[in-house]
Amino acid sequence: MSLGLSPSPAAAAPYARMARTQRLKLLVLVLCALLPSLVGNYWLMRQERENRHDLAARQFVLRAQEVAQQQAVILARATQALESLAETGEEERLCEIVRGWHTGPEGPLRWIALASPEGMLRCASLASLEQFALELEEPSPLPAGEAPARLLPVPEGPLAGLLVLRDLPGPFGGLLVAAIEPAMPEAAPEAMAFLLRDLAETARTLPRAIPLAAPRGAEAGWTIPPLREAMAGHQGQGSLGATAPDGQSWMLAYARMHGTGAAILLMRREGEALEPWLPLRRSQAWMLLALLASLVALAWVWRTLPGGGAAQETPAEWLEAAAATMAQGVALWSAGGTLLASNDRWRRLLGVPAALATPGTGLPALARFLAETSVMPGADRAAMPSPAWRDIRIEHLIALLRAERFMNEPLALPGGRAILLRAHRLRGTTVTTCVDVTETTQAEAALRESEGRFRLIAENSGDVVALCDMDGTRRYVSPAAARVLGYPPEALVGRRVMEFVHPDDRDWVEAAAAALRGGERDASATYRFLRPDGSWLWVDVRARTHGRPGQGAAGYVAVMRDATEAKMAEERLLEALERMEEMATTDALTGLANRRRFEEALAQEWRRCAREGQPLSVLLLDADHFKKFNDRYGHPAGDECLRLVARTLSGVARRPGDVAARHGGEEFALLMPRTDARGAVHLAERVRAGVESAAVPHLGNPPAGIVTVSIGVATVFPEPESGPAVPGRLSARDALLSAADGALYAAKTGGRNRVCMASGEHGPGAG
């Protein structure tokens, strides 16, 4: 059965007379042609397995980085919350804040507490935790290298969880303690996740770590290198191999949490990413080994055959069968340059007519045919028609077919096909092979054209265009960087994005990078960029990932532009909004809060005092006979009189929760949370005495003859509001204001220039 080779009887006769040693040489030739394919397939299988292993490790490390970033953000928020609480200078006041602490459903803190230096909880946001004690052995610093924040895991008991400790300054000392909710990783069900307090912890001490996923199989007996040495050489992230007590290989991925001494450790079985692929590759390997063994057996049998006979007369038949199975064209030439045999693939790829494919054809005839139908790499098409040029090409092709020259670039044949020729010289013969590389050549040309278009756009754009890896390393930067950022492009290539980001803006940039690594196609961020002179430039960055379909993102393209003017316009807009908000809640004449602001503060403090069980007092005051003052002295003097009352009222309202407001006309109000009736009367008396001591003449206010005020005071212990307001019925807050207004009326009818409580009267001469 013919498989493509066409030896003639005249060409086969010399082979029939060859001795056994000559046939063995021809067999070795075929083995040499097939052996590289076998070795190449074996090498490709091993390389593919290693690539899959590396890809699985990189993906596992990316998952660990995501969990570490989430946990670092939670720890940073918790630390900031404790820092703000630590600014309170009084222990009693700090206890009030701690006991009244409430966090939202998605807040980073589960509960907070104030503890003594020995670890005893003095007060806590959950009353059930008070009087419990902490064991303070070996807390980890947080962040790394900075006091006073520390990280302490509590494995069991009422205080179990991940705690953040903050030492308090001042004479009473003590600690602020906060329990945080760890970030649960979106890991595969087979993975385990742990939070390590510091790099000294390994899987040998996993029961002391904080489990983020169920710690299956974390018993003693693991064989794992120390994480401290491993993380020191890989910028705080990477992967390791481990051996479980049952001998199973595990893959570990670790990532250091930014700004802390802690780390995230993920674990899963080593073979989970490779097991679906292994059976197929093993079967292919056995097939290749079986083919190689068959060829070796064929060589042994052929060598043992006796010389002469019919078996010696057709040595090209086994060459025909072997060459017909190859994916490339093969032709065999004698030492004198005569074609001995060729397969169909060789004839089809080169487009050789049947007359030139007949055994016995000489090399010059084939070279002339190829010179007329193909274009050599680097050829001058204008000079091709000249006879001298054709002769040069024929000589070049003959040298190539005899393995006297080597060609890197393919021949261009009609129809846009590209064929790569190779020749190998053996003893007395030459083997010529050809491969169709049309698709590869077209892909390379398209890639060069795409890269050229990209560089043309990038180098002529007013914005900075950068090509970055997924870890933020820049591989290309457009020339606009010198004008916009102040750096020549070569100064930014090879450096990471985070090296130039302002410390306060790193969370935003990390969030955008995490979104790209998590599969998002686009991301953006506005941050401050460090210029060469040490100044900061606001830039707006838009990034989009790129890569081959089905292979994930290989990197991203970032476009940067100067955002200074946009940021300044944004700041001016925010300032204008703040001024508008202030104008909407401030009385223009006195500078005090207006009635709207007073009612908002009353509702807010009512809820706070109801939650904490604290009293709430309201003071209403009115300038005595103010209309007569206005009529006698004029409106400018009346405005100055109102400003005097406002200044006196503001001088008394000094606590953070106190709100002094102009309630309407000549009427003023003072909101005093956490103030009982006695304290409210005392403050009201200070206001009354302050206005009286100013001694502003007012002849229409006998018998004093000066400006005075009458004040009504009401105090209540608020209760939580339940249900909507009922039409026709005063709410509890309105009832409080009504009581203060009634006390003000009583002060006026009782002689003015006095303070009156809703349940009694206080003033000059009053009891």
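Provided above is the structure to which this section pertains.
Let me sum up the structure you'll find in this document. (Residues numbered from 1 in each chain as written. Predicted model: local features only at pLDDT ≥ 70, side-chain atom pairs only at ≥ 80, totals over all residues. Heavy atoms only, no water.)

Some remarks on unusual backbone geometry
Note: most residues except glycine have negative phi, and most peptide bonds are trans.
Link 1 in the chain: A cis geometry characterises the amide bond from Pro702 onward to Pro703, with omega recorded as 0°.
Link 2 in the chain: In this structure, Pro703 sits in the loop between helix 18 (677–694) and strand 25 (709–716).
Link 3 in the chain: Here Arg752, not a glycine, exhibits a phi torsion of approximately 65°, which is positive.
Link 4 in the chain: Inspection of the secondary structure assignment puts Arg752 in the loop between helix 19 (732–749) and strand 26 (755–757).
Link 5 in the chain: By relative accessible area, which is 26% here, Arg752 ends up partly exposed.
Link 6 in the chain: Even without a glycine there, the phi angle at Asn753 is positive, about 55°. (Helix = DSSP H or I, 4+ residues; strand = E, 2+ residues; numbered from the N terminus. Buried < 20%, exposed > 50% of the residue type's maximum accessible area, 1.4 Å probe, protein only.)

Structural notes on helix 19
Link 1 in the chain: Between its first and last C-alpha, helix 19 extends 26 Å over 18 residues, near the 26 Å set by a 1.5 Å rise per residue.
Link 2 in the chain: All of the buried residues along helix 19 are Leu736, Leu737, Ala740, Ala743, Leu744, Ala747 and Lys748. The buried residues of helix 19 occupy one face: seen down the axis, they fall within an arc of 145°. Residues of helix 19 that are exposed and point more than 90 degrees away from the buried face comprise Tyr745 and Thr749.
Link 3 in the chain: The inward-facing, buried residues of helix 19 contact helix 15 (595–612), strand 22 (616–623), strand 24 (667–673), strand 25 and strand 26.
Link 4 in the chain: Positive phi shows up at Gly751, right after helix 19, with a value of about 125°. (Expected span 1.5 Å × (residues − 1). Arc of directions from axis to C-beta. Contact = heavy atoms within 4.5 Å.)

Notes on the pattern of salt bridges
Link 1 in the chain: If you walk through the whole model with that rule in mind, you get 23 salt bridges.
Link 2 in the chain: The partner of Arg596 in a salt bridge is Glu600, with the nearest N and O atoms 3.5 Å apart. A residue pair is termed a helical-turn pair when its members lie 3 or 4 positions apart in one helix, as Arg596 and Glu600 do in helix 15 at four residues.
Link 3 in the chain: Taking the relative accessible area as the measure of exposure, Arg596 reaches 43% and is therefore partly exposed.
Link 4 in the chain: Accessibility expressed as a relative area gives 40% for Glu600, which makes it partly exposed.
Link 5 in the chain: Salt bridges sharing partners connect three or more residues here, namely Asp622, Asp624 and Lys748. (Salt bridge = Lys/Arg side-chain N within 4 Å of Asp/Glu carboxyl O.)

Focus on the nonpolar core
Link 1 in the chain: Within the largest apolar cluster, 38 residues are counted, with the highest numbers of intra-cluster contacts made by Leu176, Ile180 and Met257.
Link 2 in the chain: Taken together, the elements giving at least two residues each to this core come down to helix 2 (20–86), helix 3 (91–99), strand 1 (109–115), strand 5 (161–167), strand 6 (175–180), strand 7 (192–196), strand 10 (249–256) and strand 11 (263–269).
Link 3 in the chain: At 15 residues, helix 2 tops the list of elements feeding residues into this core.
Link 4 in the chain: Residues contacting Ile180, with those up to four places away along its chain left out, are Gln71, Ile74, Leu75, Ala78, Pro108, Leu109, Arg110, Leu162 and Val164.
Link 5 in the chain: Counting residues in each nonpolar core, the second largest holds 29 residues, with Leu592, Leu619, Ala623 and Ala684 among its members. (Core = buried A, V, L, I, M, F, W, Y, C linked by side-chain atoms within 4.5 Å.)

Quick look at the packing of helix 15 against helix 19
Link 1 in the chain: Packing of helix 15 against helix 19 brings their axes to within 11 Å, and their N-to-C directions diverge by 115°. Classified by chirality, the crossing of helix 19 by helix 15 is right-handed. Across the interface between the two elements, Phe598, Leu602, Ala603 and Trp606 of helix 15 pack against Ala732, Arg733, Leu736 and Leu737 of helix 19.
Link 2 in the chain: Residues that form the contact of helix 15 with helix 19 fall into these classes: seven nonpolar, no polar and one charged. (Axes fitted to C-alpha atoms, helices over the stretch in contact; angles between N-to-C directions. Left-handed = near helix turned anticlockwise from the far one by under 90°. Nonpolar A, V, L, I, M, F, W, Y, C, P; charged D, E, K, R; others polar.)

A closer look at the pairing of strand 13 (residues 339–342)
Link 1 in the chain: In this sheet, strand 13 lies alongside strand 12 (residues 329–334) in antiparallel orientation, the contact comprising three bridges. What sits directly across from Ala331, in strand 13, is Ser342.
Link 2 in the chain: The hairpin turn running from strand 12 into strand 13, its antiparallel successor, is four residues long, and Gly337 in that turn takes a positive phi close to 90°. (Pairing = 2+ DSSP bridges.)

Things to note about the environment of Gly236
Link 1 in the chain: Inspection of the secondary structure puts Gly236 in the loop between helix 4 (227–232) and strand 9 (237–243).
Link 2 in the chain: Here Gly236 falls in the buried class, since its relative accessible area comes to 11%.
Link 3 in the chain: Residues Gly236 and Met257, 21 residues apart in the sequence, show an inter-C-alpha distance of 8.3 Å.

A few points about the packing of aromatic side chains
Two aromatic rings are characterised by how far apart their centres lie and by the angle between their planes.
Link 1 in the chain: Counted under the stated rule, the structure contains six aromatic pairs.
Link 2 in the chain: Of the aromatic side chains, those joined through ring pairs into one cluster are Tyr487, Phe500 and Phe529.
Link 3 in the chain: Its end group placed over the ring of Trp538, Lys567 keeps NZ or CZ at 4.4 Å from the ring centre. (Phe/Tyr/Trp six-rings, centres within 6.5 Å; stacked < 30°, edge-to-face > 60°. Lys NZ or Arg CZ within 6 Å of the ring centre and 35° of its normal.)

Regarding the sheet that holds strand 12
Link 1 in the chain: In spatial order, the strands read 13-12-16-15-14; together these five strands make up an open sheet with antiparallel pairing. In this open sheet, the two edge strands, each paired with only one partner strand, are strand 13 and strand 14 (411–413). Neighbouring strand axes in the sheet, compared pairwise and without regard to direction, differ in orientation by 25° on average.
Link 2 in the chain: Sheet topology note: the strand 14/strand 15 (residues 417–426) ladder contains three bridges and is antiparallel. By the bridge assignment for strand 15, Leu411 is matched with Ile419.

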